[in-house]
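Survey of secondary and tertiary structure
So you can see what is in the structure, the chains are spelled out below.
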Amino acid sequence: MDIVKSLGHPEEIFNLFKFKMGGCRTVMPKLDYESMSESLRTCYLYLNQTSRSFAAVIQALDGELRHAVCIFYLVLRALDTVEDDMTIPLEKKVPMLNDFHTYLYQANWCFTESHEKDRRVLEDFPTISLEFRNLGQAYQDVISDICHRMGVGMAEFLEKKVGSMKEWDQYCHYVAGLVGIGLSQLFSASQLEDPEVGKDTELANSMGLFLQKTNIIRDYLEDIQVARAFWPQEAWRQFACRLEDLAEPDQLTSALSCLNLLVTDALRHVPDVITYLARLRNQSVFNFCAIPQVMAIATLSACYNNPQVFQGVVKIRKGQAVTLMMQATNMGAVQSIMAQYSQEMLQRVSLTDPSRDKTLFILGVIQERTLSQATLASRTAHLSPMYLSAAMILAALSWQYLSTTHTAHTHTGHCD
C-alpha cells in the first residue's frame, strides 16, 4: 500500500492525499477530448495505454504543441516496438528501422506481425500517420528527421554490442538524446520557447542521455534475464568476465563498483540538465521537462551503491514520485531537489570505491550549481512538523475510504 511505504515521510503522505483529492490537476489539467477528431482521440488512447507516466506530462502541454508531442511519442514508440521485437528476423528488421520514417507518408502502411505488448501502435499505424500528416509542416519535418536518424542508429546497434563508454554515449544518443533534440526543436517550432532551445543540441542531448542511462542502470537485472545487454563492456569488464556474473552473490563488491562507475558517468549530464531547464520560459514545457529529470536523479540516488539493483527492482516510492511531481514546477525547487539527492549520494560514497574521486568531483559540481541559488530548507519551510504530522494522520484516516471510492480509470486523462 502506497501510504504504508511513505510512513516516516510525512510530506509524501500529505502530497499523496492532496494528489488523490485532485492535486494532480495543478500539473496535469484535464483535456477536452470531445472537441478532437476520432483519430486524434484514438492517438491519445494509445498514448495512455503505452506510457501512462509520460502521457500525463504530455497532456499538460499547451496548445498545438501537445498534439505534436503526442504524435512524436507514438511514432517513436512504434519504432521502438520494432527494435524490441526479438521475433522479427534481422533481415526484415534492419530495413524496417532504416525506412521507418518513410511510412509516415504511406497512408496505409501497418505491421501486423509483432508480438510486443505495444504492437497496437504498429497495427493501427495508419491512424497515427494520419494525425502526423495533419500537423504543421515544421512539426512534421522535426518528427520525420528524428525518426530517420533514430531508426538508422537502432539498426546499427542491432548487430553490435555496446562496447566502449563512447559507444554507450552513442547508443543513448540514438535512442534518447535524439528524443531530447527533437522535443527541443518542437518547443521552438511552437514558439513557446526561444529558438536557442532548439538549436543547442548538446544540452538537449544531455537531457535524453541522463534519463536513458538512469533507466539502463536501474534495469540491469530485467535486461540480463531476457538476454539484453546495455551496460558498456568497457565498464563491466573491469570487474567481471561476463555481465551476468555481477548478479552472483559472491561478486557483490565488484558489482557495486561497476554500478557506481556507471552512476558517476550518468551524473556528469546533470549540470547540462540544470542549464537547459534554466532557459525554459513556458510553464507547461518546464513541467514536462523537469519532472522526468527529478524522477531520474531520485532513481539514480536509490540505485547508487545499492545491492538491490542486482537482486530485484529498484523503484522510488509513489509518495516520493508524487511529491517530486508536485514540487518540480520552478527552477528553485528543481535545484533543491537535485541538491538533496546529490547530498544523499555524497553521504554514501565508499572510501574503497574505485570511482570515489570522480564521484565526489561530479557531486561537488552539482552541489555548487544547485546550492548556490537554492537551499534544501526552502522545499519544506512552509510546512511545520506539527502541520505535517496532522496531515499524515488525516491522510491515513482518509486513505482507505478514498482508495475504495476512487476506481482506477484507464480512460484518457487519468492522472494516477
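Residues numbered from 1 in each chain as written. Predicted model: local features only at pLDDT ≥ 70, side-chain atom pairs only at ≥ 80, totals over all residues. Heavy atoms only, no water.

**A few points about the overall build of the protein**
Note the following rule: Each helix is a run of DSSP H or I of at least 4 residues and each strand a run of E of at least 2, with the numbering of both proceeding from the N terminus. Remark: exposure states derive from per-residue accessible area (1.4 Å probe, protein chains only) relative to the maximum for the residue type, with buried under 20%, exposed over 50%, and partly exposed in between. Surface accessibility in these figures is a Shrake-Rupley result with a 1.4 Å probe; residues are shielded only by whichever protein chains are displayed.
Each helix and strand in the protein was counted, giving 21 helices and zero strands. Looking at the protein residue by residue over its 416 residues, the buried ones come to 54%. When the accessible surface of the protein is summed, it comes to about 18,500 Å², and 53% of that surface belongs to carbon and sulfur atoms.

**Quick look at the packing of helix α5 (residues 63-84) against helix α9 (residues 137-158)**
The cut-off we apply is this: A fitted line through C-alpha atoms represents every axis, and for helices the fit uses only the stretch in contact; the resulting angles, taken between N-to-C directions, go from 0 to 180 degrees. Convention used here: angles under 35 degrees read as roughly parallel, angles over 145 as roughly antiparallel, angles from 65 to 115 as roughly perpendicular, and any remaining angle as oblique. The sense of a crossing depends on the near helix, which, turned anticlockwise from the far helix by less than a right angle, makes the crossing left-handed and, turned clockwise, makes it right-handed. By the convention used here, residues are in contact when the closest approach between their heavy atoms is within 4.5 Å. Residues are grouped as follows: Ala, Val, Leu, Ile, Met, Phe, Trp, Tyr, Cys and Pro are nonpolar; Asp, Glu, Lys and Arg are charged; every other residue, Gly included, is polar.
At a minimum axis separation of 10 Å, α5 and α9 run at an interaxial angle of 20°. Relative to α9, α5 is oriented roughly parallel. For α5 against α9, the interelement crossing comes out right-handed. Each of Glu64, Leu65, Ala68, Phe72, Val75, Leu76, Leu79, Asp80 and Glu83 in α5 lies in contact with α9, whose residues at this interface are Tyr139, Ile143, Ile146, Cys147, Met150, Gly151, Met154 and Leu158. The residue makeup of the contact of α5 with α9, split by class, is 13 nonpolar, one polar and three charged.

**What about the packing of aromatic side chains?**
Rules: When the centres of two rings from Phe, Tyr and Trp lie within 6.5 Å, Trp using its six-membered ring, the rings pair. Their planes under 30 degrees apart give stacked, over 60 give edge-to-face, and anything left gives tilted.
The tally for this structure, following the rule as stated, stands at 13 aromatic pairs. Each ring, one from phenylalanine 157 and one from tyrosine 174, has its centre 6.1 Å from the other, and the planes form 65°; the classification is edge-to-face. Here phenylalanine 157 is found in helix α9, whereas its partner tyrosine 174 is found in helix α10 (residues 165-189), with 17 residues between them in sequence. Judged by relative accessible area, which is 15%, tyrosine 174 ranks as buried. Connected via pairs of aromatic rings, a cluster forms that spans Phe100, Tyr103, Trp109 and Phe125.

**Some words on the nonpolar core**
Keep this limit in mind: Only buried residues count toward a nonpolar core, which is a set of Ala, Val, Leu, Ile, Met, Phe, Trp, Tyr and Cys residues joined through side-chain atoms within 4.5 Å.
Counting residues in each nonpolar core, the largest one holds 124 residues, and the members touching the most others are Phe100, Ile217, Trp231, Leu246, Tyr276 and Leu277. Not counting chain neighbours up to four residues away, the residues in contact with tryptophan 231 comprise Val162, Ile216, Ile217, Tyr220, Trp236, Leu243, Leu246, Cys258, Leu259, Leu262, Val309 and Phe310.

**Side note on the pattern of salt bridges**
Two side chains with opposite charge may pair up if their charged atoms get near one another. What counts, and what does not: Salt bridges are defined by distance alone: a side-chain nitrogen of Lys or Arg within 4 Å of a carboxyl oxygen of Asp or Glu.
The final tally for this structure, using the stated rule, is 20 salt bridges. A salt bridge links arginine 120 to glutamate 123; the nearest nitrogen and oxygen atoms lie 3.7 Å apart. Note that arginine 120 and glutamate 123 are positioned in helix α7 (residues 120-123) at a spacing of three residues, about one turn of the helix. One salt bridge connects arginine 228 with aspartate 223, and the closest N-O pair in it is separated by 3.0 Å. Look at the salt bridges and you will find they share partners, linking Arg77, Asp80, Lys117 and Asp118 into a network.

**Let's talk about the packing of helix α17 (residues 283-303) against helix α18 (residues 318-327)**
Put simply, α17 and α18 touch, their axes get as near as 9 Å, and they point 140° apart. Put simply, α17 runs oblique to α18. In this structure, α17 meets α18 at a crossing whose hand is right-handed. Residues Ile291, Val294, Met295 and Ala298 of α17 lie in contact with α18, whose contacting residues are Gln320, Ala321, Leu324 and Met325. Its residues assigned to classes, the contact of α17 with α18 comprises seven nonpolar, one polar and no charged.

**Let's talk about unusual backbone geometry**
Although it is not a glycine, glutamine 191 adopts a positive phi angle of roughly 65°. With a phi close to 55°, asparagine 305 is a non-glycine residue in the positive phi region. Among the residues examined, asparagine 305 registers a relative accessible area of 26% and is labelled partly exposed.

**Focus on helix α19 (residues 331-346)**
Put simply, the rule is: The span expected for a helix works out to 1.5 Å for each residue beyond the first. What qualifies as a polar contact is a pair of N or O atoms within 3.5 Å, subject to a donor-acceptor requirement within protein and to the restriction that residues adjacent in sequence count only when both atoms come from side chains.
Here α19 spans 22 Å end to end across 16 residues, near enough to the 22 Å set by a 1.5 Å rise per residue. Where α19 is concerned, the buried positions are Met331, Ala333, Val334, Gln335, Ser336, Ile337, Met338, Ala339, Tyr341, Ser342 and Met345. Here the buried face of α19 lies against α15 (252-267), α16 (270-279), α17, α18 and α20 (356-371). Of the residues flanking the start of α19, the one acting as N-cap is asparagine 330, its side-chain oxygen 3.2 Å from the backbone nitrogen of glycine 332.

**Some points on the environment of leucine 252**
With respect to the helices and strands, leucine 252 occurs in helix α15. For the pair leucine 252 and phenylalanine 310, spaced 58 residues apart in the sequence, the C-alpha separation amounts to 8.4 Å.

**Points about the confidence of the model for the protein**
In plain terms, the rule: Values of pLDDT, ranging from 0 to 100, describe the predictor's confidence in every residue of the model.
The predicted model of the protein averages 86 in pLDDT, with 81% of residues at 70 or higher. Here residues 12-17 is a poorly scored stretch, pLDDT under 50, and it has 28 contacts once near neighbours within four places are set aside; other chains count. In this model, residues 374-416 is a region of pLDDT below 50 whose contacts with residues beyond four sequence positions or in other chains number 62 contacts.

**Side note on the side chain of serine 257**
With respect to the helices and strands, serine 257 occurs in helix α15. Residues within four places of serine 257 in sequence aside, it is in contact with Phe239, Asp353, Pro354 and Ser355.

**Notes on the side chain of serine 301**
Locating serine 301 in the fold gives a position in helix α17. Its relative accessible area of 2% is what places serine 301 among the buried residues. Setting aside residues no more than four positions away along its own chain, serine 301 makes contact with Tyr341, Glu344, Met345 and Arg348.

**Thoughts on the environment of proline 126**
Relative to the helices and strands, proline 126 is located in helix α8 (residues 125-133). Under the relative-accessibility criterion, proline 126 is labelled partly exposed at 23%. A C-alpha to C-alpha distance of 8.4 Å links proline 126 and leucine 104, two positions 22 residues apart in sequence. Each residue touching proline 126, except ones within four places of it in the same chain, is listed here: Ala107, Asn108, Trp109 and Cys110.

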